[in-house]
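Each chain, letter by letter, is given below.
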Amino acid sequence: MTRDASPPPTRPVLATLPAYRAGRLPEPVPGLTAYKISSNENPYPPLPGVLAAVHAAAERMNRYPDMANTALRTALSNYLGVPMEMIACGTGSVAVLGHIIDAMCDAGDEVIYAWRSFEAYPIAIALAGAFSVQVPLTPDHRHDLHAMAASITETTKVILVCTPNNPTGTIVTDTELRDFLAVVPPRVLVVIDEAYLEFGTDPEAPDALAILRDHPNVVVLRTFSKAYGLAGLRVGYAVAHPDIAEALRMTATPFGVNLVAQEAAIASLAARDDLQVRVKELVAERDRVEAALAEQGWVLPPSQANFVWFPLGEQTPDFAAACEEQALTVRPYASDGVRATIGESAACERLLEITAAWRARAATEEVEPAAAVPGP
Ligand SMILES: *Cc1c(COP(=O)(O)O)cnc(C)c1O
């Protein structure tokens with residue numbers, strides 16, 4: 001490569017993309033095991049039967065995978081009780097989201113979503129040349145569906161509803177979602193991103209597949225990355241009207257979901273009883289952490305996911321640094337707050353120690369400035 005030659009310029013939009021900051025292991029602290037609770041990963045090893053399926057599939061790696069994901073879509077079809085024509089797969093549901101935007105949006109079209117929400121949304125939208133319309137969450141960290149409906153214009157093509165919402169853990173209810181869909185024009189596609197569905201216990205949570213039966217403009221987005229613990233293999237899927245699902249298969253990367261991932265997902269679906277046990281344990285741990293935090297005096301939005309949200313505002317970087325000092329990586333979001341995954345029990349314990357110390361310090365600092373104020 002000659003030193004003075006410049007490569008061709010890339011698209012200007014690339015310079016405007018928000019940085020997607022992947023979680024990383026914290027700096028080592030002597031005497032402490034490091035934990036990364038910044039990416040909502042599952043702390044469990046693969047479900048029973050999955051490693052054997054992975055080994056067997058790996059022996060065939062000289063072959064292309066089934067581009068149509070036939071066996072996986074058949075397994076999903078049986079599991080979900082929907083025809084396989086309604087299912088489209090991708091390399092994680094982030095990729096499927098990209099296929100949705102690519103299938104629906106021309107340059108300049110609008111995509112509405114709540115903010116703060118999943119950080120992959122603005123990137124997928126900008127890369128497609130579409131336009132993000134971000135609608136602020138309510139003060140209690142929930143989707144403002146009324147404001148989102150009011151933001152619909154002639155050029156709105158897609159609306160993203162993340163429930164439970166990443167990073168705040170809140171849900172929209174079934175009633176709220178149905179009322180919302182009643183006022184959304186049928187020409188607008190509404191994506192229900194249920195990446196954390198399995199961790200939900202609220203009976204008011206949406207029955208998204210039932211909603212899809214009533215509304216052909218709905219897409220349900222799910223993943224094997226979180227509850228199923230296959231984040232490293234990259235498999236997600238959409239359930240949609242057959243015409244939409246076909247469009248998503250057209251915009252997908254050909255042979256995207258590799259054969260190891262396809263087999264691992266099928267084996268994971270077969271291990272649903274073991275999955276339930278793990279999910280129950282993680283949910284119990286989440287509830288225990290939330291109760292302990294409430295006991296410490298924290299007022300946090302109730303989480304229906306495998307993480308908790310600390311709306312710390314300007315204190316966000318300091319809190320993240322306090323965690324880092326204890327070899328715990330959490331996920332800070334600018335001046336909004338910190339998201340912490342419910343992972344290993346030891347990580348939860350350490351988080352609770354840090355939050356207790358933080359509360360204690362905050363309490364003394366609240367007293368000190370007042371004491372320092374000179375009298376009238
Ligand atoms: C983690 C997550 C996903 C899933 O990502 P994958 O690409 O399937 O690993 C999708 N949506 C939200 C909101 C998430 O937090």
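Quantities reported herein were computed from a predicted structural model and do not represent experimental measurements.

## A few points about the site of the ligand
No. 1: Every one of the 13 residues lining the ligand counts as a neighbour, but Ser93, Tyr196, Thr223, Ser225 and Lys226 are closest to it.
No. 2: Between the ligand and Asn166, the relevant distance is 2.8 Å, taken from an oxygen atom to a side-chain nitrogen or oxygen of the residue.
No. 3: A distance of 2.6 Å separates an oxygen atom of the ligand from a polar side-chain atom of Tyr196.
No. 4: Split by residue class, the shell around the ligand holds five nonpolar, five polar and three charged.

## A look at the pattern of salt bridges
No. 1: Evaluation of the coordinates by the stated rule reveals 13 salt bridges.
No. 2: With a closest N to O distance of 2.8 Å, Lys157 and Asp109 form a salt bridge. Here Lys157, found in strand E5 (residues 156–162), pairs with Asp109, found in the loop between helix H4 (93–104) and strand E3 (110–115); they are 48 residues apart in sequence, far enough to count as distant.
No. 3: For Lys157, a relative accessible area of 24% puts it in the partly exposed group.
No. 4: On the basis of relative accessibility, which here comes to 7%, the residue Asp109 falls in the buried class.
No. 5: The shortest N-O distance in the salt bridge between Arg178 and Asp214 comes to 2.8 Å. In this pair, Arg178 is assigned in helix H7 (residues 174–183) and Asp214 in helix H8 (residues 208–214), connecting sequence segments 36 residues apart.
No. 6: A residue is classified by how much of its surface remains accessible, and Arg178, at 27% relative accessible area, is partly exposed.

## Some remarks on the sheet that holds strand E9 (residues 307–310)
No. 1: The antiparallel open sheet is built from three strands, whose spatial order is E9-E12-E11. Of all the strands in the sheet, the pair left with one neighbour each is E9 and strand E11 (331–333). Here the average twist between neighbouring strands, direction ignored, is 20°.

## Focus: the packing of aromatic side chains
No. 1: Counted by the stated rule, this structure contains twelve aromatic pairs.
No. 2: Between Tyr113 and Trp115 the ring centres are 5.9 Å apart and the planes differ by 75°, which places this aromatic pair in the edge-to-face class.
No. 3: A relative accessible area of 22% means that Trp115 is categorised as partly exposed.
No. 4: Between Phe118 and Tyr121, the ring centres sit 5.5 Å apart and the planes meet at 85°, which makes this aromatic pair edge-to-face. Assigned by exposure class, Phe118 and Tyr121 land together as buried.

## Some words on the domain arrangement of the protein
Interface size, as often reported, equals the accessible area lost upon joining of the parts.
No. 1: Domain annotation for the protein reports domain 1 (23–45 + 273–364) and domain 2 (50–270).
No. 2: The straight-line distance from the C-alpha centre of domain 1 to that of domain 2 is 26 Å.
No. 3: Opposite the 22 residues of domain 1 that make contact, domain 2 presents 21 residues.
No. 4: Between domain 1 and domain 2, the buried area comes to about 1900 Å², and carbon and sulfur atoms account for 60% of it.
No. 5: Applying the counting rule to domain 1 against domain 2 returns two salt bridges.
No. 6: Measuring nitrogen to oxygen at the nearest pair gives 2.7 Å for the salt bridge that ties Arg116 to Asp336.
No. 7: Across the contact surface, domain 1 and domain 2 share twelve residue pairs in polar contact (both at pLDDT 80 or more).
No. 8: Those elements giving two or more residues to the side of domain 1 that touches domain 2 turn out to be helix H11 (272–295), E9 and E11.

## Quick notes on the environment of Ala271
No. 1: Mapped onto the elements, Ala271 comes out in the loop between helix H10 (259–270) and H11.
No. 2: Counting along the chain gives 102 residues from Ala271 to Gly169, while the straight-line C-alpha distance between them is 26 Å.
No. 3: Every residue in contact with Ala271, bar those within four places of it in the chain, is listed here: Leu47 and Pro48.

## Quick word on the packing of helix H3 (residues 70–80) against H10
Packed helices, taken two at a time, are described by the angle their axes make and the gap between the axes.
No. 1: Running from amino to carboxyl end, H3 crosses H10 at an angle of 20°, the nearest separation of the two axes being 9 Å. Between H3 and H10, the angle is such that the two are roughly parallel. Crossing hand, H3 versus H10: left-handed. Counted together, Ala71, Leu72, Ala75, Leu76 and Tyr79 of H3 and Gln262, Ala265, Ile266 and Leu269 of H10 form the full contact between these two elements.
No. 2: Taken together, the residues that form the contact of H3 with H10 break down as eight nonpolar, one polar and no charged.

## A look at the side chain of Ser77
No. 1: With respect to the helices and strands, Ser77 occurs in helix H3.
No. 2: With sequence-adjacent residues up to four places away left out, Ser77 is seen in contact with Val82, Pro83, Met84 and Ile87.

## Things to note about the sheet that holds E5
No. 1: Overall, mixed pairing links the seven strands, which are arranged E2-E8-E7-E6-E5-E3-E4 in an open sheet. Edge positions in the sheet fall to strand E2 (87–90) and strand E4 (131–136), since each of these pairs with one other strand and no more. Each strand axis lies, on average, 25° off the axis of its neighbour in the sheet, ignoring direction.
No. 2: Relative to E3, helix H5 (residues 120–127) is tilted by about 170°, and along the sheet it contacts E3, E4, E5 and strand E6 (189–193).
No. 3: The strands that helix H9 (residues 242–251) touches are E2, E6, strand E7 (218–223) and strand E8 (236–240); relative to E2, the one it contacts most, it runs at about 25°.

## Overview of the pairing of E3
No. 1: Of all the six residues making up E3, five are buried; the element is thus mostly covered by neighbouring parts of the structure.
No. 2: In the sheet, E3 pairs with E4 via six bridges, with the strands oriented parallel. Note on E4: the bridge partner recorded for Glu110 is Phe131.

Rules used throughout
Residues numbered from 1 in each chain as written. Predicted model: local features only at pLDDT ≥ 70, side-chain atom pairs only at ≥ 80, totals over all residues. Heavy atoms only, no water. Near = heavy atom within 4 Å. Polar contact = N/O pair within 3.5 Å; in protein donor to acceptor, adjacent residues only side chain to side chain. Nonpolar A, V, L, I, M, F, W, Y, C, P; charged D, E, K, R; others polar. Salt bridge = Lys/Arg side-chain N within 4 Å of Asp/Glu carboxyl O. Helix = DSSP H or I, 4+ residues; strand = E, 2+ residues; numbered from the N terminus. Buried < 20%, exposed > 50% of the residue type's maximum accessible area, 1.4 Å probe, protein only. Pairing = 2+ DSSP bridges. Axes fitted to C-alpha atoms, helices over the stretch in contact; angles between N-to-C directions. Phe/Tyr/Trp six-rings, centres within 6.5 Å; stacked < 30°, edge-to-face > 60°. Domains from an automatic or database assignment. Contact = heavy atoms within 4.5 Å. Buried area = accessible area lost by both parts, 1.4 Å probe. Parallel < 35°, antiparallel > 145°, perpendicular 65-115°, else oblique. Left-handed = near helix turned anticlockwise from the far one by under 90°.

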